[in-house]
Amino acid sequence: MIKLLFKTTFFTLLLTSFALISKAQIGYDYAQYDIGFGANANKVYGDAETVKTTPSVYVNFNFNQTPFVNYIAEVQKGTLEGGSLESQSGRYFKNSYTALVFRGQLQFGEFLNYSRSGVMNVLKNVYLSSGFGYVVNDMTSINRKSKILQNYTTPGEDKSNELFIPARIGYEIKVYNKYDQPSFKIDIAYQHNFDLTDNLDGFNTGKDNDRFSQISIGFKVALGGVTSYRKSLHN
């Protein structure tokens, strides 16, 4: 009778301990891998006088070292366009570009104490990001000659490959599942890309290298590799 009572008590305590440990992990777990996709609105600041907005799309793979420290590999495909045939230089271009981007990303939740503050809980999803990119340029339409300035032509290349440095600020809205794990994310960001050369727009002139900006919105879905963080993610 005593043995039976002891065994019953022991197994009850064991099951209770497992339940408490399992419950304690709710709110701490996250997926180490995400896949994302989205769209950008692009603007080129180069050698063409007129700035235009054009679209591109992207897909990326994310490795989450923590919920707030992320490494992203991304492929972009789209159009960059600018200039006007009626401008003084006559410069106009349309670039069908492909870009590969590798970024590290730090969200404020990695160092903020957000558990007891509503403001900090909102700010924890703000992030800064940078890395490097590689863009392949293909000018599908370009004009180098001026209608206004006689015999004025701008040099450049119709096809080129260039490196650039992305500088990004954004906000990641995390949507939690029933286990308080971030299973779906909405990413809103502004990114400014600093070209290391001067042929993004097909024109090689002036003192400064080309730049292009992107306003983006994207969505990420957790793939798996669930692990635990040192503090609760939800609040």
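Rules of the game
- Residues numbered from 1 in each chain as written.
- Predicted model: local features only at pLDDT ≥ 70, side-chain atom pairs only at ≥ 80, totals over all residues.
- Heavy atoms only, no water.
- Salt bridge = Lys/Arg side-chain N within 4 Å of Asp/Glu carboxyl O.
- Helix = DSSP H or I, 4+ residues; strand = E, 2+ residues; numbered from the N terminus.
- Buried < 20%, exposed > 50% of the residue type's maximum accessible area, 1.4 Å probe, protein only.
- Pairing = 2+ DSSP bridges.
- Axes fitted to C-alpha atoms, helices over the stretch in contact; angles between N-to-C directions.

Engineer: Describe in detail the pattern of salt bridges, supporting the description with residues and values.
Structural biologist: Taken as a whole, this structure holds eleven salt bridges when the rule is applied. Of the charged contacts, one joins Lys-220 and Glu-172 as a salt bridge, the two residues approaching to 3.2 Å between their closest N and O atoms. With a gap of 48 residues between them, Lys-220 in strand β8 (residues 211-228) and Glu-172 in strand β6 (residues 159-176) connect regions that are remote in the sequence. In this structure, Lys-220 and Glu-172 share a single accessibility class: buried. Here Asp-187 makes a salt bridge to Lys-220, at a shortest N to O gap of 3.6 Å. Of this pair, Asp-187 sits in strand β7 (residues 182-195) while Lys-220 sits in strand β8, and the two are 33 residues apart along the sequence. Each member of the pair Asp-187 and Lys-220 is classed as buried. Taken together, the shared-partner salt bridges in this structure form one network comprising Arg-168, Glu-172, Lys-174, Asp-187 and Lys-220.

Engineer: An account of the sheet that holds strand β4 (residues 92-107) is requested, with residue identities and associated values reported.
Structural biologist: In space, the eight strands of this closed barrel follow the order β1-β2-β3-β4-β5-β6-β7-β8, with antiparallel pairing throughout. For this sheet, the mean angle separating the axes of adjacent strands, direction not counted, is 25°. Note that strand β1 (residues 29-45) and strand β2 (residues 53-66) share eleven bridges and pair antiparallel. Paired with Gly-36 across the two strands is Asn-60, which belongs to β2.

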